[in-house]
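The chain contents come next:
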Amino acid sequence: MQNQTLIQYFHWYYNESANLWTKAKQEAANLATMGITGVWFPPAYKGSNGGYSIGYDTYDLFDLGEFDQKNSIATKYGNKEEYLSAINELHKNGLNVIADTIFNHKAGGDELEKIKVKKVNEDNRNEFISEEMEIEAWTKFTFAGRAGAHSDFIWDHRCFSGVDYAEDMKESAIYAIQNEYGEGWEEVPSSELGNYDYLMFDDIDFRNQAVREELKRWGKWYHETCNLDGFRLDAVKHISPEFIVEWIDFMKAECGKDFFIVAENWNIESVEELEKYIEITGGRTQLFDSLLHHNFYLASKAGKEYDLNCIFENTLAHRNPLLAVTFVDNHDSQPMQALESFIEFWFRPLAYSMILLREAGIPCVFYTDVYGAEYEDDGHKVELIGLAELPQLLKVREDLSYGEQRDYLDHNNCIGWTRAGDEEHPNSGVAVLMSNGDEGFKKMEIGKHFTGKIFIDILGKRNEEVIIDDEGWGEFFCEAGSVSVWVLKVD
Ligand code: CA
């Protein structure tokens, strides 16, 4: 079986001349050739800014660029027809499609409602700082432009637990909605800020059974309409985990498909938080390994001061490799974004080697590392360059990174590992050596089945030929602040 490799097929500032669905369709065959097996698309439904929304400000889950709502028919990424056509082409090329799914909130309500609320302390959401009061808020969603197509469900204040804006008072604050489901927040996985149920916009209240049913109906409709292979669940630490479990079980049973599910539970401090989430959801979802990303970030900033032996410590890849989706950067960590923590360029080949060429985790490649990007935000011009080493690293993952892994995490500045290869993949086996300090060398065992064989650095940074000795060991090399990837020399 081929190693799985995902790509996050967008970044926050996607601004190329072809819309994203069209570009993905054009690139489908190329992605398959590169060794990509699954594509994570951005939110495909209408956001509150119509054709300008990145997509995380969900307005109407049922509008996949089909209805004239929020001043446009298409979303930023194209219209429904183009979306379906891209999915079809990706499927034809053997790629899976993973849909971004935002359940925490909705934005851009159609009508005002008079609702009862209590203001809460922004730093401690469990503390009310006002008596019950009445405000006018945009909590009614009628989707007039869709006129009941696909679903006639109308959302109102009973579907939400909180809002952040009182229209009548022109006041921004966090207001807990007083409805039949309670005066406060739902139980959510994150206890940051007292209770982190509320994130932004109109926060969906999963205590309302009708809401849960509507979101299940939507999931089934979405799959039946688009033939999806998986879902990326946004912001799950702000969402009732019971609902997530209910939704996943419903989808798998109702659609008869074992969807690939990966959840975003952003955390850079405690791997225990991620482990806790796995426990309360019974291991139903993969999780993005934000802790490994954070270690990459620290290592890329610290240079040779960083102890490379520790790079996998307290990461999901280390603690629960089967459920880790590893990545180097994403749309939140890219320059100018809220969680900006972009890995320095010198370290990116090292980081990609660590997610692509080891056993642990399913790696997810970031769009800009393949295609580059140029954009401007807040007066800052940003230019990101595609990673020159990435195509070769992807090929080594697809063809050669199989079999037993032997680790050499035994030097602060120079670490390596080998993969022994397996019988299913001809010529497989690889030795990786990297340094964040001076040039390095290390004796590593790759297996006696390679005795007498020659290994070369496929990245071309070192020119030696390494001959494997009688015991199955070789001495491998790397440049300063660099990585070398040693593969069998084939005539
Ligand atoms: Ca929430």
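This section reports on the structure supplied with the text. (Residues numbered from 1 in each chain as written. Predicted model: local features only at pLDDT ≥ 70, side-chain atom pairs only at ≥ 80, totals over all residues. Heavy atoms only, no water.)

The subject of this paragraph is the overall build of the protein. On a plain count of helices and strands, the protein comes out with 10 helices and 27 strands. What you see for the protein is a C-alpha radius of gyration of 24 Å, in line with the 23 Å of a compact globule of 491 residues. The principal-axis extents of the C-alpha atoms in the protein amount to approximately 80 × 45 × 45 Å. Looking at the protein as a whole, 59% of its 491 residues qualify as buried. In the protein, the share of contacts with a sequence separation of at least 24, taken over all contacts with a separation of at least 6, comes to 69%. (Helix = DSSP H or I, 4+ residues; strand = E, 2+ residues; numbered from the N terminus. Rg over C-alpha atoms; globule rule 2.2 N^0.38 Å. Buried < 20%, exposed > 50% of the residue type's maximum accessible area, 1.4 Å probe, protein only. Contact = heavy atoms within 4.5 Å.)

Time to look at the coordination of the calcium ion. Within the protein, the atoms that donate to the calcium ion are Asn104 (OD1), Asp197 (O), Asp197 (OD), Asp203 (OD), Asp203 (OD) and His238 (O), at distances of 2.3 to 2.7 Å. Metal-centred angles of 50 to 171 degrees between the 6 donor atoms at the calcium ion mark the site as irregular. Under the relative-accessibility criterion, asparagine 104 is labelled buried at 0%. (Donors = N, O, S within 2.8 Å, 3.2 Å for Na, K, Ca; no water. Tetrahedral: all angles 85-135°; square planar, octahedral: opposite > 155°, others 65-115°.)

Let us look at the sheet that holds strand S2 (residues 38-41). Overall, parallel pairing links the 8 strands, which are arranged S1-S2-S5-S13-S14-S15-S16-S17 in a closed barrel. Strand-to-strand, the axes of this sheet are offset by a mean angle of 25 degrees, without reference to chain direction. Helix H4 (residues 241-255) contacts strand S13 (230-233) and strand S14 (260-263) of the sheet and is inclined by roughly 170 degrees relative to S13. (Pairing = 2+ DSSP bridges. Axes fitted to C-alpha atoms, helices over the stretch in contact; angles between N-to-C directions.)

Going through the model one piece at a time under the given rule, you end up with 42 salt bridges. If you follow the salt bridges from partner to partner, you end up with Asp100, Arg232, Asp234 and Glu264 in one network. (Salt bridge = Lys/Arg side-chain N within 4 Å of Asp/Glu carboxyl O.)

The buried fraction of helix H8 (residues 348-356) is high, at 9 of 9 residues. Among the residues making up H8, those that are buried are Arg348, Pro349, Leu350, Ala351, Tyr352, Ser353, Met354, Ile355 and Leu356.

This part covers helix H2 (residues 80-92). The periodicity of an α-helix, 3.6 residues per turn, causes residues three or four positions apart to be oriented the same way. Helix length check: H2, at 13 residues, gives a terminal C-alpha distance of 18 Å against a target of 18 Å (1.5 Å per residue), a fit within 8%. On its buried face, H2 is in contact with helix H1 (20-34), S2, strand S5 (96-101) and helix H3 (209-226). Looking at where H2 begins, the residue whose side-chain oxygen comes 3.1 Å from the main-chain nitrogen of glutamate 81 is asparagine 79. Glycine 94, located one to two residues past H2, shows a positive phi value of around 80 degrees. (Expected span 1.5 Å × (residues − 1). Polar contact = N/O pair within 3.5 Å; in protein donor to acceptor, adjacent residues only side chain to side chain.)

Right, let's get into the packing of aromatic side chains. Under the criterion given, the structure shown has 41 aromatic pairs. On the numbers, 4.0 Å between centres and 10 degrees between planes, the contact of tyrosine 13 with tyrosine 375 is stacked. In this pair, tyrosine 13 sits in the loop between strand S1 (6-8) and H1 while tyrosine 375 sits in strand S18 (residues 373-377), placing the two residues 362 residues apart along the sequence. For the pair formed by tyrosine 13 and tyrosine 375, the shared burial category is buried. Considering the side-chain rings of tyrosine 59 and phenylalanine 141, the 6.1 Å spacing of their centres and the 35 degrees angle between planes classify their relative orientation as tilted. Separated by 82 residues along the polypeptide, tyrosine 59 in strand S4 (residues 58-60) and phenylalanine 141 in the loop between strand S9 (133-140) and strand S10 (160-166) bring together distant segments of the chain. Judged by its relative accessible area of 2%, tyrosine 59 is buried. With relative accessibility at 0%, the residue phenylalanine 141 sits in the buried group. The rings of Tyr45, Phe62, Phe103, Phe206, Trp218, Trp221, Tyr222, Phe231, Phe243, Trp247 and Phe259 are connected pair by pair, giving a single aromatic cluster. When the ring centre of phenylalanine 141 is taken as origin, the NZ or CZ atom of lysine 106, which lies over that ring, is 5.6 Å away. Geometry around phenylalanine 345 places arginine 348 over its ring, the cationic atom sitting 5.7 Å from the centre. (Phe/Tyr/Trp six-rings, centres within 6.5 Å; stacked < 30°, edge-to-face > 60°. Lys NZ or Arg CZ within 6 Å of the ring centre and 35° of its normal.)

Considering all chains together, one arrives at 2 cavities of 30 Å³ or more under this definition. Every residue lining the largest cavity is listed: Asp60, Leu61, Phe62, Lys106, Phe143, Arg146, Ser151, Phe153, Trp155, Glu214, Leu215 and Trp218. Take the lining of the largest cavity: its biggest share by element is 3 residues, from H3. Of the residues contributing to the lining of the largest cavity, the split by class is 7 nonpolar, 1 polar and 4 charged. In this structure, the second largest cavity occupies an estimated 40 Å³ of space. Contributing to the lining of the second largest cavity are Pro189, Ser190, Glu192, Lys237, Asn265, Asn267 and Glu273. The residue inventory of the lining of the second largest cavity, partitioned by class, reads 1 nonpolar, 3 polar and 3 charged. (1 Å grid on protein atoms, 1.4 Å probe; cavity = no way out; pocket = protein on both sides within 12 Å on 5 of 7 lines; lining within 4 Å. Points joined across faces, edges and corners; volume = space filled by probe spheres on them. Nonpolar A, V, L, I, M, F, W, Y, C, P; charged D, E, K, R; others polar.)

Now for the side chain of threonine 315. Looking at the secondary structure, you find threonine 315 in the loop between helix H6 (290-302) and helix H7 (316-319). According to the relative accessible area criterion, threonine 315 is buried, its value standing at 0%. When sequence neighbours within four positions are dropped, the list of residues in contact with threonine 315 reads Val271, Asp289, Leu291, Leu292 and Asn295.

A few words now on the sheet that holds strand S27 (residues 482-488). Spatially, the 6 strands line up as an open sheet ordered S20-S21-S22-S27-S24-S25, and their pairing is antiparallel. Strands with a single pairing partner mark the edges of an open sheet, and in this sheet they are strand S20 (405-408) and strand S25 (466-467). Bridge count between strand S24 (residues 454-457) and S25: 2 bridges; the pairing is antiparallel. Within S25, the position partnered with phenylalanine 455 by the bridge is valine 466.

Here the phi dihedral of asparagine 71 falls at roughly 65 degrees; this positive angle occurs in a residue that is not glycine. According to the relative accessible area criterion, asparagine 71 is exposed, its value standing at 81%.

Size it by volume and the largest pocket reaches roughly 810 Å³. Forming the boundary of the largest pocket are 32 residues, of which Leu199, His238, Glu264, Asp332 and Leu339 lie nearest the centre. Volume-wise, the second largest pocket comes out at about 280 Å³. Asn3, Glu359, Gly361, Ile362 and Arg397 are the residues nearest the centre of the second largest pocket, which is lined by 13 residues in total. Here the lining of the second largest pocket is composed, by residue class, of 4 nonpolar, 5 polar and 4 charged.

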